[in-house]
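# Summary of the model geometry
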12 protein chains.
Amino acid sequence: MALTFMVPGLDEATSEKAIGILQSRLSQEQETALVLKHVHWNLTGPNFIAVHEMIDPQVDVVLAQADETAERIATLGGSPDGRADAITRVRTWSKFLLEGRAGTEEYLKALDAYYSEFIKADRTAIAELDELDVISSNIVQDHVQELEKFQWFMRSHLV
Amino acid sequence: MALTFMVPGLDEATSEKAIGILQSRLSQEQETALVLKHVHWNLTGPNFIAVHEMIDPQVDVVLAQADETAERIATLGGSPDGRADAITRVRTWSKFLLEGRAGTEEYLKALDAYYSEFIKADRTAIAELDELDVISSNIVQDHVQELEKFQWFMRSHLV
Amino acid sequence: MALTFMVPGLDEATSEKAIGILQSRLSQEQETALVLKHVHWNLTGPNFIAVHEMIDPQVDVVLAQADETAERIATLGGSPDGRADAITRVRTWSKFLLEGRAGTEEYLKALDAYYSEFIKADRTAIAELDELDVISSNIVQDHVQELEKFQWFMRSHLV
Amino acid sequence: MALTFMVPGLDEATSEKAIGILQSRLSQEQETALVLKHVHWNLTGPNFIAVHEMIDPQVDVVLAQADETAERIATLGGSPDGRADAITRVRTWSKFLLEGRAGTEEYLKALDAYYSEFIKADRTAIAELDELDVISSNIVQDHVQELEKFQWFMRSHLV
Amino acid sequence: MALTFMVPGLDEATSEKAIGILQSRLSQEQETALVLKHVHWNLTGPNFIAVHEMIDPQVDVVLAQADETAERIATLGGSPDGRADAITRVRTWSKFLLEGRAGTEEYLKALDAYYSEFIKADRTAIAELDELDVISSNIVQDHVQELEKFQWFMRSHLV
Amino acid sequence: MALTFMVPGLDEATSEKAIGILQSRLSQEQETALVLKHVHWNLTGPNFIAVHEMIDPQVDVVLAQADETAERIATLGGSPDGRADAITRVRTWSKFLLEGRAGTEEYLKALDAYYSEFIKADRTAIAELDELDVISSNIVQDHVQELEKFQWFMRSHLV
Amino acid sequence: MALTFMVPGLDEATSEKAIGILQSRLSQEQETALVLKHVHWNLTGPNFIAVHEMIDPQVDVVLAQADETAERIATLGGSPDGRADAITRVRTWSKFLLEGRAGTEEYLKALDAYYSEFIKADRTAIAELDELDVISSNIVQDHVQELEKFQWFMRSHLV
Amino acid sequence: MALTFMVPGLDEATSEKAIGILQSRLSQEQETALVLKHVHWNLTGPNFIAVHEMIDPQVDVVLAQADETAERIATLGGSPDGRADAITRVRTWSKFLLEGRAGTEEYLKALDAYYSEFIKADRTAIAELDELDVISSNIVQDHVQELEKFQWFMRSHLV
Amino acid sequence: MALTFMVPGLDEATSEKAIGILQSRLSQEQETALVLKHVHWNLTGPNFIAVHEMIDPQVDVVLAQADETAERIATLGGSPDGRADAITRVRTWSKFLLEGRAGTEEYLKALDAYYSEFIKADRTAIAELDELDVISSNIVQDHVQELEKFQWFMRSHLV
Amino acid sequence: MALTFMVPGLDEATSEKAIGILQSRLSQEQETALVLKHVHWNLTGPNFIAVHEMIDPQVDVVLAQADETAERIATLGGSPDGRADAITRVRTWSKFLLEGRAGTEEYLKALDAYYSEFIKADRTAIAELDELDVISSNIVQDHVQELEKFQWFMRSHLV
Amino acid sequence: MALTFMVPGLDEATSEKAIGILQSRLSQEQETALVLKHVHWNLTGPNFIAVHEMIDPQVDVVLAQADETAERIATLGGSPDGRADAITRVRTWSKFLLEGRAGTEEYLKALDAYYSEFIKADRTAIAELDELDVISSNIVQDHVQELEKFQWFMRSHLV
Amino acid sequence: MALTFMVPGLDEATSEKAIGILQSRLSQEQETALVLKHVHWNLTGPNFIAVHEMIDPQVDVVLAQADETAERIATLGGSPDGRADAITRVRTWSKFLLEGRAGTEEYLKALDAYYSEFIKADRTAIAELDELDVISSNIVQDHVQELEKFQWFMRSHLV
């Protein structure tokens, strides 16, 4: 699909490549918001309230990331797909499989593994975007910094 | 799956029925948040900024509804499934099909149709929950009141 | 006048009945805001400042009620009439007759009597709306709860 | 009716003339709040949300004007009449006749015409009050400045 | 004791029955605020700070419930008894017996048991109030929704 | 004393006359803040708390007036005297004589009389400043508007 | 019961004496919060709203005092008893006997008498704590300062 | 250029004259915001931080003045020119010539001289607008009051 | 004059002595607020804005001190005299003599000297109140702590 | 002109080159604030209020950019020129030519074209600054990200 | 070193002794802020997030204590040494030796031991300052009250 | 010491090198907070208050930098050392030697020299981190931008 317009100074081919990378990041950011809430509701055990409350600010963080990513796609002349089916269609990473009531540690382990894939994918995207559009790369750099800090929180529980 | 516990005064069979109804509402509330953002990013035309900004508060509304619904499921002793795959698995209503850049009117029409099914499903849930658990019914009543008001906003654009 | 649209799940006849009931409530809510300000400006006596200040938050309450009622009419597909002439045309309750400077007690007695009619009319509306539209009934239930509490304030002065 | 008291430095005849002028302004300010809400609820069309939201701050403006005008009447020793019937009794300007759902442009045209009469009446009041009481004149000057700015908003839509 | 006045539309016998039900709820809401603080101060163990902080917002919740219940009694023409002796006199539920320093789990178990009786009593009150006064019933419905959610918090620690 | 500088467009003689008028207003504004606090602390009777609280915002009002008046004197090139001795030296109006515990009504009567002289002096200053400097006149006009409204509050208690 | 730990620098005997004194203060602070609300709900008469509103901030004050007192007990190694039964068990001062609707003056008189005993008991506690633990004494000193100021409010109504 | 519309009660010739006067004020207000920032960035010396911070609120003041002036032009039916070239084209006052790093005193002297011309021009505009449109005159009166106060700040540094 | 009432636990003679000491502190606190404003308006020189702004928070501090002192007098059963004439009558310390425009250093030196007497008088009052009423002593201790800190600010300019 | 100082680690030649690039960016950022306000005041048509309000936050954005750019120039040892004449002198991009009342679409098209040049110039500056000073480059990167997003807003109206 | 000045009423020898005591408290307060952050960053285990978040408000507390202590030293005419080397030079208490990742319990035990020495030193300082300067003693009393409460938090985890 | 874990995509050797660089930055950021406070408390002279207040926001800035740096070390799998002894152990830059009361200029000169070393060390760290971990480099880039701006503030005083 031909782009409607391009950012001044970027050509169409470059823009389309960046858009493709960002769409994948958008879907994972949106899924992470869903997964975090899923964990928030289902975890149990003596640390319930502390971990339950630790998760909500991170939900806000990834929702804001998704908004920024999607609006960058639109700014580049593309059309972000923000629907649930885009998540399952675009997904190249492992599904989050844990469900039902389970202990805090079990859920944090599963989430830690999910984040490891997420962060690796973001770092790969940064390397690719560096060649295409510095602003898009900056955006994902800021995102991964936040994800890595939250992963440290999780790992500190599991050490 | 046997419930972990029940709300004092509710039996297990009643609780399980209510949980089933609420899981469907949860998935649609979560999908609506995704759909609204999808529209927010892709609509165009001379009313862009006004409609773009009208949508964000409604996203907050349905995210809060999903949180309240999921926590009610957990309160009833159930385990809410908040993942993207639950949305596509549970979905008994029509997918939101419009994608790519399109005019404000086109997107609002599609969203209006989506809300008509959403509201009908909520009203059916209220009728069923009235027989099971008045608190769960109250929760969905408050939700549908907000949805109907937002639908009036959309319809006022389309009249 | 045929309705422009209906809330999903409500038919036209039901909607029109509910709209008629709500228009009456809207006009009385609007009039009450005017009456409360009228009292706020004209009362005198050693309790002036305390009662003068007690009234303003209630003005905000009934203005918000009127807004909610009118938007419910619009949501149901109707067209609310919010003009001064609608108040005098729709009025089936007693006019507020006291005017000019008068003591706090005299004004609170007149207002107490006005509220008694207002509350009765709201309770009648609730009974009728229960048969038509649970959401509209909920709205008026919330309104009358606020009015009854304020009437207790007034009556506590007059005991 | 003899005044209860006068502002130090103003005589009774002067005060009564100023009170008469201000009562007319009060009633129109109160009616304008009602009319603006009426428009807010009934307008439709592709600019619905933007114009709907533009009106609410102006409602707050004219409600505050009415409060200031009424309290000036009371300060001058008079007794403001703030009831709905005072509006219809005192009204020397044209009724607002448009009702039911209608397009944004149609409602803004009707409102623009209503404001033209309102502003002229305020400017006449200023000229008369200049001879009676500079403070009362200042109050109406501040009011008309706000009204004229809002009329520019409306006219900018209609140009 | 004859009532001072009644809510318009309610007769004296109905009002007195509702008042009796609400007085019991008031006393338990007041006692719960005391019990929650008692727990807040005495619990110990590795989850101390998290559970200590989880309790304070719930104290605010039940204090606000008591205020709303007592003011409803007064609105119905009754006279709420809010003293410590009323709690011990009216109490038909089990005393909270745990005291002194004890672990988080021990205190949460005792509190969970206390809440089970509290919630059952509220649900019984709702059933009775439904026959007497819809507004009073609505008030207790809102209260029990909050209590049930907080009980889920506690149970999530104990699973 | 020769002025340090003048506002552009005003000559020295005009500035000095305006400064003289404003110094008197400054001293009375400062004294009024002291008198209002004196009343705030000493009044008694069944309306104590309401009137006690009514006074504090007016203290803030007259302190802000004094600040504005003094800075206008400085802007005009003069030097405001803000000390206690300036108040007693400049005072051409009646001292506030009531002291010790006394009833609300007694204190409000004394304060009402004090305000009558204050307002007359401000209105005289406005007439004189109109011939000298429109900005200084505007400042005092805004001040007297606030004083007259507060006097209405007091008189409403005494009617 | 042997203390779990002591504040560094205090021995066990000293700590236990201080704890005993503070438990009595805790119970009276908790009861005062209940009594103030009891008055808040039941008083009537022409000063209703002003006195009704004067009481709520004082409720917040004594609740905060109780929290500080209980946490000081815990800091000293003791275990505060915060239950309703502790109030009636520990009580060495007169019960608050007034109940049912009564005039503002009647309730303020009863409350004034209750505060006289409360303040005396606090001042006795200060004298005893001065010999035991300066920090505990400071805490009660701050509390009695607030109580004495509120008593002045009440007495100003009754003079 | 014929005006699009006029304020009710003002004729076209009057409006055009007022617009011409206001356009000059707009351009100078806009330039002043630029000049103040220029000074803010370039001044040096031992009073750097205090004067640097004193300037920013004044920038906000003149930007708000420019907004109010431009919107008054539009309200009168005119079309404000807010571009940089309008400033240099309309300028009838002396350019601000000081540039590069210079001491606080040197910059404040240059700014004081610039303000003297600014204030004189505003006072001339007030005299002219008094004959044309009282509201426009009021606007400029409020502006010059703020400018004169800020000039006093500067002069207090230079005395 | 016999006291209206006494704080529970204090006798009349003690209360009267404390009241006498506090009245002197009240008058000096009130005068200090006037003196600080006087300085605020009249100082000049290259540090104008920094010192001008440093003074305003201290004005708020001493006004709050005066309020607390006066309300303590009333709490003790006395009647505070808050008028300008009380300041000049009660004054046992040196008048503040500097007036007219003068440099920052000159004004700070005069203010530093004024504060030295103020602080010494407060410390003397503390020593006397320690024998009479610990709460009154605490109040003045808190006041002098604030004054000494502000004096350090002034002295840091003068070193 | 020799620089007053350099950032530690940067030499003078490098600093001067960076300063030259940043001065051009400063002038365009300042002009953009003026142009955006010019559009804000002059646009008309059915989308007036929505687009009018969309522009103001962007004005704040570019004013903050100009402040950050100018302070970076000063930090590098240079002297920013922030006057209107610097804008017209430095300008290497096309003037904004549209003036007078014109429709929303017409103004957004002109603004879109202006932004295209602005963004290209910023991207060129980034490329040059990358070789000179990474911090200065980061600053302009953050600026252009904001500009590109706002251009997407405009383009969404024009699609 | 001779003091620059003394607080009015304190002699030089007294002041110097108080300064010496306060310098030691300053250094320990500053070290505690560093130690708390050290713990905040390095602790691990299932209670990570709850304890991690519990520490930050205490960091703010001890930083504010250090600021108050240092400014008291300056007020007394001394010169506080706030550098890292002062901490290691002045330290008479045990170093905090635990480092690297370690469990919550291990870190809380080490911190509890550190606080025991800190509190003892503060209590010794209070006893000494009571003989020198009541205001300085009050400051340390307020500090130790906060430290003791936080120590209770830690001990509640370890019981 | 082997790392506990690594950021996904970074190997252990790289992580350890980055950790070493960041530990040095952490210690200097912590020391700078101490040094800034030391200056804040000890400087004197006619610009005291302005410079005293300029420093506090910068303290907050460097404390936040230290927090971010330490948490990055932990995120990379390392263990930050935040104690006072780490500062003196790690220090490779010049101690801050100025102490005791000294003039503003003297302190700003010493601080300016300290910042020059600080900034150079940060810029060296950026160059090294660019080869190891882009996120860590971004963090230090943001820090140095803030430091360089604050150094410009200081230098503007000294020019």
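All values derive from a computational prediction rather than experimental measurement.

Cut-offs applied
Residues numbered from 1 in each chain as written. Chains lettered and ligands numbered in written order. Predicted model: local features only at pLDDT ≥ 70, side-chain atom pairs only at ≥ 80, totals over all residues. Heavy atoms only, no water. Helix = DSSP H or I, 4+ residues; strand = E, 2+ residues; numbered from the N terminus. Rg over C-alpha atoms; globule rule 2.2 N^0.38 Å. Buried < 20%, exposed > 50% of the residue type's maximum accessible area, 1.4 Å probe, protein only. Contact = heavy atoms within 4.5 Å. Buried area = accessible area lost by both parts, 1.4 Å probe. Salt bridge = Lys/Arg side-chain N within 4 Å of Asp/Glu carboxyl O. Nonpolar A, V, L, I, M, F, W, Y, C, P; charged D, E, K, R; others polar. Core = buried A, V, L, I, M, F, W, Y, C linked by side-chain atoms within 4.5 Å. Least-squares fit on C-alpha atoms with pLDDT ≥ 70 in both. UniProt positions renumbered as here; feature names shortened; annotations may be inferred. Axes fitted to C-alpha atoms, helices over the stretch in contact; angles between N-to-C directions. Parallel < 35°, antiparallel > 145°, perpendicular 65-115°, else oblique. Left-handed = near helix turned anticlockwise from the far one by under 90°. Phe/Tyr/Trp six-rings, centres within 6.5 Å; stacked < 30°, edge-to-face > 60°. Patch = residues over 30% accessible without salt bridge, like charges linked within 9 Å, V, L, I, M, F, W, Y side chains within 5 Å. Areas by Shrake-Rupley, 256 points an atom, 1.4 Å probe, with all protein chains shown as cover. Lys, Arg positive; Asp, Glu negative; His and termini not counted. Charge placed at Lys NZ, Arg CZ, Asp CG, Glu CD. pLDDT = per-residue confidence, 0-100.

### A closer look at the overall build of chain A
- Of regular secondary structure, chain A possesses five helices and two strands.
- Shown N-terminal to C-terminal, the secondary structure of chain A runs as helices and strands in the order α-β-α-α-β-α-α.
- Against the compact-globule benchmark of 15 Å for 159 residues, chain A has a radius of gyration of 17 Å, which places it among compact chains.
- For chain A, the residues scored as buried account for 70% of the 159 residues in total.

### What about the interface of chain A and chain B?
- Chain A puts 37 residues into the contact, and the matching count from chain B is 37 residues.
- Carbon and sulfur atoms make up 50% of the area that chain A and chain B hide from each other, which totals about 2,800 Å².
- Three residues stand out in chain A for area buried against chain B, namely Trp 41, Arg 83 and Arg 101 of chain A, and they jointly supply 29% of the buried area on that side.
- Run the count over chain A and chain B and you get eight salt bridges.
- Of all the secondary-structure elements, those providing two or more residues to the side of chain A that touches chain B are helix H1 (12-42), helix H2 (48-75) and helix H3 (84-90) of chain A.
- Counting residues per element, the side of chain A that touches chain B draws most heavily on H1 of chain A, which supplies nine residues.
- By residue class, the composition of the side of chain A that touches chain B is 14 nonpolar, twelve polar and eleven charged.

### A short note on the nonpolar core
- Within the largest apolar cluster, 317 residues are counted, with the highest numbers of intra-cluster contacts made by Tyr 115 of chain B, Tyr 115 of chain D, Tyr 115 of chain H, Tyr 115 of chain I, Tyr 115 of chain J together with Tyr 115 of chain L.
- Not counting the four nearest positions on each side in its chain, Tyr 115 of chain B is found in contact with Thr 32, Leu 36, Gln 58, Val 62, Leu 147, Phe 150, Gln 151 and Met 154 of chain B.

### With respect to the relation of the copies chain J and chain H
- Take chain J, turn it by 180 degrees, move it 0.0 Å along the axis, and it overlays chain H with an RMSD of 0.0 Å. The symmetry that links the two subunits is that of a two-fold axis. The C-alpha atom lying nearest the rotation axis in chain J is that of Ala 84 of chain J; the distance is 2.9 Å.
- Of the interface residues in chain J, 97% have counterparts in chain H that sit at the interface too, so the contact is made through matching surfaces.

### Observations regarding the pattern of salt bridges
- Counting across every chain of the model gives 192 salt bridges over all chains.
- Across the salt bridge formed by Asp 85 of chain F and Lys 95 of chain I, the nearest N and O atoms sit 3.6 Å from each other. Here the residue Asp 85 of chain F occupies a position in helix H3 (residues 84-90), and Lys 95 of chain I occupies one in the loop between helix H3 (84-90) and strand S2 (102-103), the pair thus bridging two chains.
- Look at Lys 95 of chain I and you get partly exposed, because its relative accessible area is 44%.
- One salt-bridge network, held together by shared partners, links Glu 31, Arg 91 and Lys 95 of chain A together with Asp 85 of chain B.

### Re the interface of chain J and chain H
- Contact with chain J, which involves 37 residues of that partner, is made by 36 residues of chain H.
- Buried area between chain J and chain H, both sides added, is near 2,800 Å², and the carbon and sulfur share of it is 50%.
- Three residues stand out in chain J for area buried against chain H, namely Trp 41, Arg 83 and Arg 101 of chain J, and they jointly supply 29% of the buried area on that side.
- Run the count over chain J and chain H and you get eight salt bridges.

### Regarding the side chain of Asp 133 of chain E
- Topologically, Asp 133 of chain E is positioned in the loop between helix H4 (104-129) and helix H5 (134-158).
- Asp 133 of chain E gets classed as buried once you look at its relative accessible area, which sits at 1%.
- Beyond its immediate chain neighbours, meaning those up to four positions away, Asp 133 of chain E contacts Arg 123 of chain C together with Leu 10, Arg 72 and Leu 76 of chain E.

### As for the UniProt feature "domain: Ferritin/DPS" (unreviewed entry) in chain A
- The feature "domain: Ferritin/DPS" (unreviewed entry), as given by UniProt, occupies residues 21-158 of chain A in the numbering adopted here.
- Counted over residues 21-158 of chain A, helix gives 78% and strand 3%. Its end C-alpha atoms are 32 Å apart.

### Observations concerning the relation of the copies chain A and chain B
- Of the transformation placing chain A onto chain B, the axial shift is 0.0 Å and the rotation is 180 degrees, giving an RMSD of 0.0 Å.
- Both copies contact each other with a shared surface, as 100% of the interface residues of chain A are interface residues in chain B too.

### Some remarks on the packing of helix H2 (residues 48-75) of chain I against helix H4 (residues 104-130) of chain I
All names here are of chain I.
- As a packed pair, H2 and H4 sit with axes 11 Å apart at the nearest point and diverge in direction by 25 degrees. For the element pair H2 / H4, the angle class is roughly parallel. By crossing handedness, the relation of H2 to H4 is classed as left-handed. Of H4, the residues touching H2 (which contributes Phe 48, Val 51, Met 54, Gln 58 and Val 62) are Thr 104, Leu 108 and Tyr 115.
- Taken together, the residues of the contact of H2 with H4 break down into six nonpolar, two polar and no charged.

### Considering the arrangement of the chains
- In this structure chain A stays clear of chain F, and the shortest span between their C-alpha atoms is 40 Å.
- Nothing in chain I touches chain J, and the closest approach of their C-alpha atoms is 22 Å.

### A look at the packing of H4 of chain I against helix H5 (residues 134-158) of chain I
All names here are of chain I.
- Put simply, H4 and H5 touch, their axes get as near as 9 Å, and they point 160 degrees apart. In terms of orientation, H4 lies roughly antiparallel with respect to H5. As for how H4 packs across H5, the hand of that crossing is left-handed.
- A per-class count over the contact of H4 with H5 returns 14 nonpolar, seven polar and eight charged.

### Here's the deal with the packing of aromatic side chains
- Under the counting rule described, the total for this entry stands at 108 aromatic pairs over all chains.
- When the ring of Phe 96 of chain B is compared with that of Tyr 107 of chain B, the centres are 6.4 Å apart and the planes differ by 10 degrees; the resulting orientation is stacked. Linking Phe 96 of chain B in the loop between helix H3 (84-90) and strand S2 (102-103) with Tyr 107 of chain B in helix H4 (residues 104-129), this pair joins segments that are eleven residues apart in sequence. The pair formed by Phe 96 of chain B and Tyr 107 of chain B is uniform in burial state, with each residue classed as buried.
- Clustering of aromatic rings is evident, with ring pairs tying together Phe 48 of chain A together with Phe 96, Tyr 107, Tyr 114, Tyr 115, Phe 118, Phe 150, Trp 152 and Phe 153 of chain E.

### A look at a negative patch on the surface
- Judged by side-chain charge, Glu 68, Asp 142 and Glu 146 of chain A, Glu 68, Asp 142 and Glu 146 of chain J together with Glu 68, Asp 142 and Glu 146 of chain L come together as a negatively charged surface patch.
- At the level of elements, helix H5 (134-158) of chain A, helix H5 (134-158) of chain J together with helix H5 (134-158) of chain L are the ones that each hand at least two residues to the negative patch.
- You can see Glu 68 of chain J is positioned in helix H2 (residues 48-75).
- Under the relative-accessibility criterion, Glu 68 of chain J is labelled partly exposed at 33%.

### Section: the confidence of the model for chain A
- The predicted model of chain A averages 97 in pLDDT, with 99% of residues at 70 or higher.
- Interface scoring of the predicted complex returns ipTM 0.97; its pTM is 0.97.

### A short note on the environment of Leu 158 of chain F
Residues and elements named next belong to chain F.
- Mapping Leu 158 onto the fold places it in helix H5 (residues 134-158).
- You can call Leu 158 partly exposed: its relative accessible area is 22%.
- Taking the C-alpha atoms as reference points, Leu 158 and Asp 112, 46 residues apart in sequence, are found 9.3 Å from one another.

### Some remarks on the side chain of Glu 29 of chain E
Residue and element names in this part refer to chain E.
- Looking at where Glu 29 falls in the secondary structure, it is placed in helix H1 (residues 12-42).
- One buried charged residue, Glu 29, remains without a salt bridge, the closest side chain of opposite sign being Arg 25 at 6.2 Å.
- Each residue touching Glu 29, except ones within four places of it in the same chain, is listed here: Val 62, Gln 65, Ala 66, Thr 69, Phe 118 and His 143.

### Let's talk about the environment of Leu 111 of chain F
Residues and elements named next belong to chain F.
- Inspection of the secondary structure assignment puts Leu 111 in helix H4 (residues 104-130).
- Relative accessible area serves as the criterion here: at 1%, Leu 111 is assigned to the buried category.
- With 43 residues separating them along the chain, Leu 111 and Met 154 place their C-alpha atoms 8.1 Å apart.
- Apart from the residues lying within four places of it in its own chain, the contact partners of Leu 111 are Val 35, Leu 36, Val 39, Phe 96 and Met 154.

### Describing the environment of Phe 118 of chain G
- With respect to the secondary-structure elements, Phe 118 of chain G resides in helix H4 (residues 104-130).
- The residues contacting Phe 118 of chain G, other than those within four sequence positions of it, are Arg 25, Gln 28, Glu 29, Thr 32 and Leu 147 of chain G.

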